[in-house]
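Chain by chain, the residues:
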Amino acid sequence: MTEADAGATPIRPLVAGNWKMNGLKAALSEALAVDEALAEAGAGVAADVMICPPATMVMVLAELSGMGGLKVGGQDCHINAAGAHTGDVAAEMLADAGASAVIVGHSERRADHGETDRIVHQKVLAAHRAGLTAIVCVGETIGQRQAGLTLDVVARQLAGSIPDNVTAETVVVAYEPVWAIGTGLTPRPEDVAEVHLMIRERLCARFGAEGAGMRILYGGSVKPSNAVELMGIANVNGALVGGASLSAKDFLGIIEAYRD
Ligand code: 13P
């Protein structure tokens, strides 16, 4: 357990793997190896662990895993529960398949699909309608950081993407600087601390005790070699991991940061 700096609320960290558009059937063994390792470690891992595979694998992973408490999430959802939206996946479908959460507003969706804060806001509502926790992603581009706009950009995304009346159970925030994703670059610890503190303050101001207890994940080139340092920063309550979550060995190496 870590303590939120803004209060005495105990926060159980979350380490979530975002497989993005990776993962054929053969990759199931990596996810199941993580679940098995969690089963062996038992209470020795002081964090929740989740894998968000492609939608094609949510049901099979949810059905085969769980022995070790591995949670399964989706990577995106449509705002509607059903309808004529070829190729889209509803939050209700993810929940039906066994997911307990869904990532919304990832920078790749914002860039590839033009998702605005307004759309992300609607997706959070869709996730909640289906009983899923929404993992809401925010983060600045390199241009915005160099222009000194990081805090403004992240604060605006946060305000626009998260609806009213959410709780620490129903929303997780993931701060992912766009320039740190898949590049091997990470912000300096003091820069991560500054953004996470601002997020915590905004969440507390808006949601009170629920905001104090909300998990704020860091994402962007998290690896076994930097996990302990990144996870040790104030108001960092876990990680959203891309590339390194595809390998059980690397993902477990990151989870090690939370081994008692
Ligand atoms: P990488 O860990 O590959 O940098 O990706 C981070 C990310 O985008 C997770 O959502």
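This text follows the structure it describes.
Residues numbered from 1 in each chain as written. Predicted model: local features only at pLDDT ≥ 70, side-chain atom pairs only at ≥ 80, totals over all residues. Heavy atoms only, no water.

A.B. asks: Break down helix H7 (residues 150-161) for me, citing the residues and quoting the values.
C.D. replies: Helix length check: H7, at 12 residues, gives a terminal C-alpha distance of 16 Å against a target of 16 Å (1.5 Å per residue), a fit within 8%. Along H7, the residues classified as buried are Thr150, Val153, Val154, Ala155, Gln157, Leu158 and Ser161. Tucked inside the fold, the buried residues of H7 contact helix H4 (107-112), helix H5 (117-129), strand E7 (133-138), helix H6 (142-146), strand E8 (171-175) and helix H8 (189-207). (Helix = DSSP H or I, 4+ residues; strand = E, 2+ residues; numbered from the N terminus. Expected span 1.5 Å × (residues − 1). Buried < 20%, exposed > 50% of the residue type's maximum accessible area, 1.4 Å probe, protein only. Contact = heavy atoms within 4.5 Å.)

A.B. asks: I'd like to hear about the site of the ligand, residue by residue, with values.
C.D. replies: Inspection of the region around the ligand gives 13 residues, with Lys20, His106, Gly182, Ser221 and Gly243 positioned closest. At a separation of 2.8 Å, an oxygen atom of the ligand approaches a polar backbone atom of Gly243. If the ligand stood free it would expose 310 Å²; the protein chains cover 94% of that surface. Broken down by class, the residue content of the shell around the ligand amounts to 4 nonpolar, 7 polar and 2 charged. (Near = heavy atom within 4 Å. Polar contact = N/O pair within 3.5 Å; in protein donor to acceptor, adjacent residues only side chain to side chain. Areas by Shrake-Rupley, 256 points an atom, 1.4 Å probe, with all protein chains shown as cover. Nonpolar A, V, L, I, M, F, W, Y, C, P; charged D, E, K, R; others polar.)

A.B. asks: Account for the sheet that holds strand E5 (residues 71-74), naming residues and giving values.
C.D. replies: Around the barrel, 8 strands lie side by side as E3-E4-E5-E6-E7-E8-E9-E10; this closed barrel has parallel pairing. Averaged over all adjacent pairs, the angle separating strand axes in this sheet is 25°, with direction ignored. For E5 and strand E6 (residues 101-104), the ladder comprises 2 bridges, and the chain directions are parallel. Paired with Gly74 across the two strands is Val102, which belongs to E6. Along the sheet, H7 makes contact with E7 and E8, crossing E7 at roughly 155°. Together, strand E3 (14-18), strand E4 (48-52) and strand E10 (238-241) form the strand contacts of helix H11 (residues 248-255), whose direction differs from that of E3 by roughly 155°. (Pairing = 2+ DSSP bridges. Axes fitted to C-alpha atoms, helices over the stretch in contact; angles between N-to-C directions.)

A.B. asks: So what's going on with the packing of helix H1 (residues 28-41) against H11? Residues and values would help.
C.D. replies: Here H1 crosses H11 at 35°, and the two axes come no closer than 9 Å. Judged by the sense of rotation from one axis to the other, the crossing of H1 with H11 is right-handed. For the pair formed by H1 and H11, the contact residues are Glu30, Ala33, Val34 and Ala37 on the first element and Ala248, Phe251, Leu252 and Ile255 on the second. (Left-handed = near helix turned anticlockwise from the far one by under 90°.)

A.B. asks: Quick one: what's the story with the pattern of salt bridges, residue by residue and with numbers?
C.D. replies: Within this structure, the stated rule accounts for 15 salt bridges. One salt bridge in this structure joins Glu115 and Arg109, with 2.9 Å as the shortest N-O distance. Judged by its relative accessible area of 21%, Arg109 falls in the partly exposed class. For Arg145, the salt bridge identified is with Asp191, shortest N-O distance 3.9 Å. Highlighted residues: Arg145 in helix H6 and Asp191 in helix H8, separated in sequence by 46 residues. Residue Asp191 is classed as buried on the basis of its relative accessible area, which comes to 13%. Via salt bridges that share partners, Glu140, Arg145, Arg188, Glu190 and Asp191 belong to a single interconnected network. (Salt bridge = Lys/Arg side-chain N within 4 Å of Asp/Glu carboxyl O.)

A.B. asks: So what's going on with the nonpolar core? Which residues, and what values?
C.D. replies: A general feature of soluble globular proteins is that nonpolar side chains tend to end up buried together. One finds Val34, Ile162, Val173 and Ile199 to be the most contacted residues of the largest nonpolar core, which totals 65 residues. When residues of this core are assigned to their parent elements, the largest contribution, 6 residues, is made by H8. Not counting chain neighbours up to four residues away, the residues in contact with Val173 comprise Val136, Val138, Leu158, Ile162, Ile199, Leu203, Arg215, Ile216 and Leu217. (Core = buried A, V, L, I, M, F, W, Y, C linked by side-chain atoms within 4.5 Å.)

A.B. asks: Summarise the packing of H5 against H7; cite the residues concerned and give the values.
C.D. replies: Interaxial distance between H5 and H7 falls to 7 Å at its minimum, and their mutual angle equals 45°. As summarised for this structure, H5 and H7 are arranged oblique, according to the angle between their axes. Along this stretch, H5 crosses H7, giving a crossing that reads as right-handed. Between H5, through Asp117, Arg118, Val120, His121 and Val124, and H7, the contact on the second element is made entirely by Arg156, Gln157, Gly160 and Ser161. (Parallel < 35°, antiparallel > 145°, perpendicular 65-115°, else oblique.)

A.B. asks: Quick rundown of the side chain of Gln157? Include the residues and the values.
C.D. replies: With respect to the element layout, Gln157 can be found in helix H7. Other than its neighbours up to four places away in sequence, Gln157 contacts Arg110, Asp117, Val138 and Gly139.

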